[in-house]
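Here is what each chain is made of, one letter per residue.
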Amino acid sequence: MWKKSKVTDQTATGQGGPSEAEQEEEKKAGIKKRSKVPGVMITQFIEVLPEGKSTPDFLRKPIALTIQEGKLAIFKANVCGDPKPEVTWGRAKGDMSDTETFQKKYDEATGEYTLEIHRVSGEEADTYKCYAINEYGKAICTAALNVIEVGFKKKKAMEQLEDIGSVDPAEFRKLLRKRKGVDKEEAVKEPGEIDERFWEIIMSADRKDYERICAEFGVKDFRVMLKKLSEKKKERQEEQAKYIETINNLKHIDIKGLGIASFEFDLELKDLTSRIFLYKDGVMIPYSDEEEMKHSLKTVGKKLIFSVRDLKAEDAGLYQVDVEEVNLFSTDFKIPTVDFIVKIQEVKAKEREDAMFECVLSHPWPRIKWMGKNATLEEGEKYTITVSEDKLIHRLLIKDCSQLDKGIYSAAAGIKTCSAWLIVEADSDPASHGKKKTRKTTQAGGTGLDLGKLAQEQQEKLAKERQEQIDAANKARAEEERLAREALLAPPPPDTGDGDSGEGGDSGEGKDTGDGKNKSKSGSNKSKDGGKSVGKSVGEMKDSEKEEDDKKNKKSTDDSDKGKGTSNYDIDPNANGEGDGDSKGRKGHPGPLIPDAVIGSSLHNDAEKERDDKYKKSTDVSDKGKGASNNDIDPNANGEGDGDSKGRKGHPGPLIPDTVIDPNVKSGTGETEEYIDAAGMHSVRTRQGPLLKDTVIDPNGQSGTGETEEYTDASGKRSERTRQGPLLKDTVIDPNAQSGTEETEQYTDVSGKRSERTRQGPLLKDTVIDPGVQFVSGLSNVHALIGQPAELMCKLSNDNCEGTWYRDSKKLTADDGHIMSRDGANHKLVINRCQEEDSGKYRFEADGRKTEAMLNVEDPPRFDPDDLSAFSQPVIVKVGNSTTFKLPFVGREPMKIQWYRNGEELLDDNTTKIEKSFTQSRLLLSKCQRKDTGEIKIKLKNEHGTMEAISRLIVLDKPTAPQGPVEVLESTASCIHIKWRAPKDDGGCPVINYNLERQQVGRNTWKKLGDIPGVPEYKDNDVEHGRKYCYRIRVVTEEGVSEMMETDDLTAGTLAFPSSPAPPKVASAFNNCINLTWSTPTDTGGSRILGYNLEKRKKGSNLWSPVNPTDEPIQEKKRAVTDVVAGNEYEFRVYAINISGLSEPSSPSEFIFAKDPKNPPGKVEDLKVADTSYTALSLSWNKPTEEVGVQDEAKGYFIEVRQAECIDWTRCNITPIILTTFTVKSLKAMAMYWIRVIAINDGGEGVPQDLDNYILAMPPPVRPCFTDNKMKSFMVVRAGNSARILLNFEASPWPEVMWLKDDVPLLKRVNISNSESSSQLLITSSERSDSGIYTIVVKNLVGQESFSVEVRVTDDPKPPGPVELEENVPGTVTVIWEPSPDEKRDDHLHYSVSKRDSTKGSWSMVADRLFNNKFTACNIMPGREYHFRVYAKNDMGMSAPSESPTWGSERRKDTFVVNMPAYKTCDLRTAPAFLVPLRQHTAPKGYECYMSCAIKGNPKPRVTWYRNNISLNTNTNYLITNICGVCSLLILRVTPKDWGEYSIQIESSLGRAESSTKLTVRE
């Protein structure tokens, strides 16, 4: 049984629904973006980001880890984004609540987020996700953790056993059933049992696919299938109703694009938190919402789209979607085996030319998918897609190519794809720029191979493979039949035992009884439980059943006239009938016809031979018996009849003859048995098809069913069989006599008695199983034009087989106008002139086989060739006249007719009129203009195709004027030679002449020079030296004379020298020769260049010497200078010469030595890194060695660098350096770089010399150490004030700084600021809970260092409670007080006691640092009064005192009265005021800013700071203090946002004062 695995883990990757954080984010509208880092998916929440803001992204994503269990696994990530994103971690399976195992950290200095997994085990193996989220978007990436488990995990194994033992028994059966789906081998199905996979597929399939699915799984009983399918659908709908509202628009899986398959449906859930699972072949597979993953889910509203990317052969299978435990949808994905034999090739086409891509497949494919520039292409006006009849050759035609069509085109067949470029070459003719180009009739592309031949060879190969499969199947079937015949002819094993009970594969009980003639009054014959009739093949009996049958098959005791037997037919146990049974327990059976089952023999299984040995006879001691049967028959079917003394009975109903085959006839199916006919002859017969019920007639003329009889088969083996159902008359064919419909034969029953039986019914023919005729190649769909011939052809595997042709189920004959022919195995149907009524489905049948194909007779638009040839001729008309284009056509209506001129469709207007009819169309153009010249096209389109015809319209007109500017080829004292350009438009006629006129400047008359041939140049020899002339030029054609073009004033004989040429370039240099080249000057002086003069000069000399004679100019722009001395250095310059003379000399060339070329230098030596930093590194090396004839001296060096992740080298210096040291700058800190140095000389570049290893951009390693000599290890802070710890250190590379409080990570409310050489801890508003030991750990690759600071946050203590005095010992007083309320919160709190007696007026401390609540004071004098005060003390200060009652009594003295004068009390209260006001501040960006002022006031005023009238007292970004009347505000890092007006306000009950200032921030 095929089942999917149980969902035991609901949180696999992509399964079980998103987390709460993911659900919250999914509620936001998202725009998917691609990150620069592979594997990161970014979702943007809003369409337009504010300026300066960005979505989160990963600078470095976590990498997958494979680690041994017990080790520490660390995932690291760096993110960016504005505002700063919040980073969280998650996993696909389980949770991460165990803080001891999963520790998340953040490094302020490096901005690195870390997930540490301590002591990893197999339970932590999972896919981990890192989320970076801010208000504008989120970024997600994943990393896998693989754990290598070591050894046998006894604890884990015991836990698994305990889990299994704790499973509820009812649930345990479900677990077993689910587990069965993931077994590699499918369970063996019982006969007739339908594969569970069948139900999964068909319940989600369309009704039109039922027949195909049933044929695939071998399901033949459609009625039963549909009934069961209806029940299953009802059950599934009830299950689905628990979780979903609706599900519709189900689309099965299909290959959508290049390597992508998807299926989709609309789903509305009742509970949005319900989890969705995806299975493949019963196994749950992970999926993600990221489209780049292998399996992904995209949700668009209610639509769910599942996609599978990077398709491979193993992706085929049954895909199922479940919600919780309920199946929603199943789709079977099959990947075809088609591949490309010939792939599409690159095509180069010119503009307005057609391009063809073509390919050949390995297997027939109806239609492949064509894609151009990632878009699917469809048949239309632009593209034509064709498929050959054998469906192997596929072509794509791109019509009328333009520059927009160039790009990559792809063909996809199944999961196989191939791609090629289409290159569209632009027209190189400059005269055609800006014009509409004429459509070309040529076609580019094609593979150049004979694709038809390749397709034919592939088709023959496929036919050969198909025939080999058929032959192999026939051979296997023949072998099975041979083995079956050998098994039948084998001698039977000897019968043992004396029981009469038979054994079958199953057991059952029935209660059919019959009344016999001889009845016994007492006694019973009990047959064994194994006395069963065979209901199904003995070969299906299991070994365990055989063992039980052996035990049960024992000798029975005959003590009664009644017996019981059991039969193994699957029948209704309520089916009852009456009949006479014999003493052996056999019984008659009423009901419908049921096939015979023969006990003791089997065609295909040797298990029945063992059953023969177990078959025993029982002792017959009674005249009446009972039989029990378990056949699955109609319970209402009853039959009655008289039986013989053995319990046999007659059966009413129709007699159906058996089929008996002559022993000489070899073919046939079923079993072969030997019998004795009425004449006493032995014959052999073979049963065909289902075994039919024999009718057994005893000598007394009584017949019965449900009895066991003994018979002899063809091999002489004696067996028994039990006949069920109505008794049927056998038909016996005597091999030596004539057949008859009624014949008596003898047979021997089980008891050894011989009886007779008569067979009734006509003789039936043998059925010979033969694979028959097969189709080697079937019919293919044909498309034919109306009136044209069409041909349908197929090929059979037999040359001598006739067949019949049909059209739309109607048989065709030669009288119908069709030609039906046969050439050996090839059968052909030819229709000479196809008409519309010939369309339809054609079928060819031969020997029960058939093949079908469609003939589509099409009537597309068509032109008569003569009319088309006449239409294609250009039409020439003069400007202002009218013309007509007319073209007849044929084709099926309705017809769409369109006319085009130069690619633009023409519509009816003042100058254009289009006439249309059923047979022709006419275009009338009136008042034609020259601009109307161009291509005229008619386009016809109907449902069968499109047809075009192209002509050309030429409108003749006067030419336009010649084009300037006029070029002066020569201007001397005796002639002026000018040249101009031809007219832009010749008016449709070639230029015949140019008409010239000349005017001497200063005169009013024009002299006619006459017409010159159609060459646009003229040499005027009739000029005077120094005179200026002006010329008028007109174009003359057959259509008239153009407008004139007038030249500028041209002077005869004016010297116009050329400009200086460019400096000569050295092509090569040798000891005896230097080769030079140069270019033409930019200004030739209005005449052609006659030659060049070249000069040279030796270095150090001021004299230029000519290289060539001055009267022999150099005609070419190159020269080989041979007049040089080896070893000397020369420079060169060149003059240009025209008709006027020499130009100015060019600039000198570079100095060049006259010596042979050098060899490139070798590798530099001893390349090493002298120093490094975060942004630069210094290199040094030695010069390469010189080897004569191999490598020469280096003249300079190039330094190249590349990052480790790049493949391209970047050159650091543009020009070679001479020194052997260099500093590479602008490096990225901590990045890896490869460095190489290349030596260079005149011979070229040498071989690069690389460093042996990559270099890290970092200073030399330095172990972390703290640089402050006086670091405080203890700090006391008043609660509410800020606490700051600043520590300076040095380390290289940049260290990792970590702060701990009491050895645990810090809370978020503590701010950490790290720089390259310092770290600061800041608590803006401290609390008592912030007390503790703060430890800084500075760690890098070299080592680590730590330092601890104890911070105590406290406040002034509260006074102790009431004080009591006791006297326990005379002369002493015990002071007892209640503890201060702060005692529990402050472990440093202690007490001090002061004393004052009546004789002294001052207080003296008698005890300090008391940590209890009791003190005994000594030396208490009698007669004196004592007072005690108790103070609470801590690190911050001392509390107010707690007074004790008076102790003792003072001796009374006489009253001393002093009259004191009355003094007026002094009022010390003052209103708030500023002693020192705020001053203006200007702070650089990034630095600290400290504002302070001094105040006074009694009572102490309340201080409030403001920025731009907004209170800052609660803003943690500012450090505010008030110490002894000095109020200060500290800004740690000034930013442009801090710019503004700052004010401080002091207020008390006596008044209020305010001071303000302005802060300016410098960039």
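Everything here concerns the structure above.
Scope of this entry: the structure provided in the associated data block. (Residues numbered from 1 in each chain as written. Predicted model: local features only at pLDDT ≥ 70, side-chain atom pairs only at ≥ 80, totals over all residues. Heavy atoms only, no water.)

So, the state of the cysteines
When the sulfur atoms of two cysteines share a covalent bond, that bond is a disulfide. Note the following rule: By definition, disulfides here are pairs of cysteine sulfur atoms that lie within 2.5 Å. Partly exposed describes any residue whose relative accessible area lies between the buried limit of under 20% and the exposed limit of over 50%, with all areas from a 1.4 Å probe on protein chains only and scaled to the type maximum.
What the rule picks out here adds up to zero disulfides. With no disulfide of its own, cysteine 801 lies 10.0 Å from the sulfur of cysteine 794, the closest cysteine sulfur. For cysteine 801, a relative accessible area of 10% corresponds to the buried category.

Regarding the pattern of salt bridges
As a reminder of what qualifies: Whenever Lys or Arg places a side-chain nitrogen within 4 Å of a carboxyl oxygen from Asp or Glu, that contact is recorded as a salt bridge. In this text, helices come from DSSP runs of H or I with a minimum length of four residues, and strands from runs of E with a minimum of two, each type numbered from the N-terminal end.
Scanning the model with the defined rule gives 57 salt bridges in all. With a closest N to O distance of 3.2 Å, lysine 303 and aspartate 266 form a salt bridge. Here aspartate 266 lies in strand 12 (residues 260-269) and lysine 303 lies in strand 16 (residues 303-309), a separation of 37 residues in the sequence. Looking at lysine 303, the relative accessible area reads 23%, which means it is partly exposed. Between glutamate 1200 and arginine 1211 there is a salt bridge whose closest N-O contact spans 2.8 Å. Here glutamate 1200, found in strand 76 (residues 1196-1203), pairs with arginine 1211, found in strand 77 (residues 1210-1211); they are eleven residues apart in sequence, far enough to count as distant. By relative accessible area, arginine 1211 is classed as partly exposed at 34%. The network of salt bridges with shared partners includes Glu1350, Arg1352, Asp1386, Asp1387 and Asp1435.

Brief notes about helix 5 (residues 210-217)
The following threshold applies: Each C-beta atom gives one direction from the helix axis, and the arc is the one those directions make. Contacts are residue-level and defined by heavy atoms, with any inter-residue pair within 4.5 Å sufficient.
For helix 5, the complete set of buried residues consists of Tyr210, Ile213 and Cys214. The arc enclosing the buried residues of helix 5, seen along the axis, measures out at 100°, which places them on a common side. Away from its buried face by more than 90 degrees, helix 5 exposes Glu211 and Ala215. Summarising the contacts, the buried residues of helix 5 are in contact with helix 4 (196-202) and helix 6 (222-240). One or two residues past the end of helix 5 sits glycine 218, with phi positive at roughly 70°.

Looking at the nonpolar core
We count it as follows: In these notes, a set of buried Ala, Val, Leu, Ile, Met, Phe, Trp, Tyr and Cys residues joined through side-chain atoms within 4.5 Å is what counts as a nonpolar core.
Residues Phe58, Phe75, Trp89, Leu115, Ile117 and Leu145 are the most contacted members of the largest nonpolar core, which totals 26 residues. Residue assignment for this core shows that the elements contributing at least two residues are strand 4 (65-68), strand 5 (73-82), strand 6 (86-91), strand 8 (112-117), strand 9 (126-134) and strand 10 (137-148). Apart from residues no more than four positions distant in its own chain, leucine 115 is found in contact with Ala73, Ile74, Phe75, Trp89, Met96, Phe102, Gln103, Lys104 and Tyr128.

Some remarks on the packing of aromatic side chains
Selection criterion: To pair, rings of Phe, Tyr and Trp, with the six-membered ring standing in for Trp, must have centres within 6.5 Å; the planes then decide the type, stacked if under 30 degrees apart, edge-to-face if over 60, and tilted in the middle.
As enumerated under the stated definition, the model contains 23 aromatic pairs in all. With 6.4 Å between their ring centres and 55° between their planes, tyrosine 319 and phenylalanine 333 make a pair best called tilted. Taken together, the residues span a long stretch of sequence, with tyrosine 319 in strand 17 (residues 317-323) and phenylalanine 333 in strand 18 (residues 326-333) at a distance of 14 residues. We note that tyrosine 319, like phenylalanine 333, is buried. When the ring of phenylalanine 775 is compared with that of phenylalanine 844, the centres are 6.3 Å apart and the planes differ by 80°; the resulting orientation is edge-to-face. Here phenylalanine 844 lies in strand 47 (residues 840-846) and phenylalanine 775 lies in strand 40 (residues 775-777), a separation of 69 residues in the sequence.

Notes on the environment of glycine 259
Inspection of the secondary structure puts glycine 259 in the loop between strand 11 (244-257) and strand 12. You can call glycine 259 buried: its relative accessible area is 15%. Between the C-alpha atoms of glycine 259 and alanine 412, which are 153 residues apart in sequence, the distance is 8.6 Å. In this structure, glycine 259 is in contact with Val308, Arg309, Asp310 and Leu311, ignoring residues within four places of it in sequence.

Notes on the sheet that holds strand 56 (residues 945-956)
For clarity, the threshold we go by: By this definition, two strands are paired if DSSP reports at least two bridges between them.
Strand order in the open sheet made by the five strands is 49-56-55-51-52, with mixed pairing throughout. Two strands close off the open sheet at either side, each with one partner strand: strand 49 (875-878) and strand 52 (904-905). Here strand 51 (residues 896-901) pairs with strand 52 via two bridges, running antiparallel. Of the residues in strand 52, the one forming a bridge with arginine 901 is glutamate 904.

Geometric descriptors of this kind do not, in isolation, establish any biological role.
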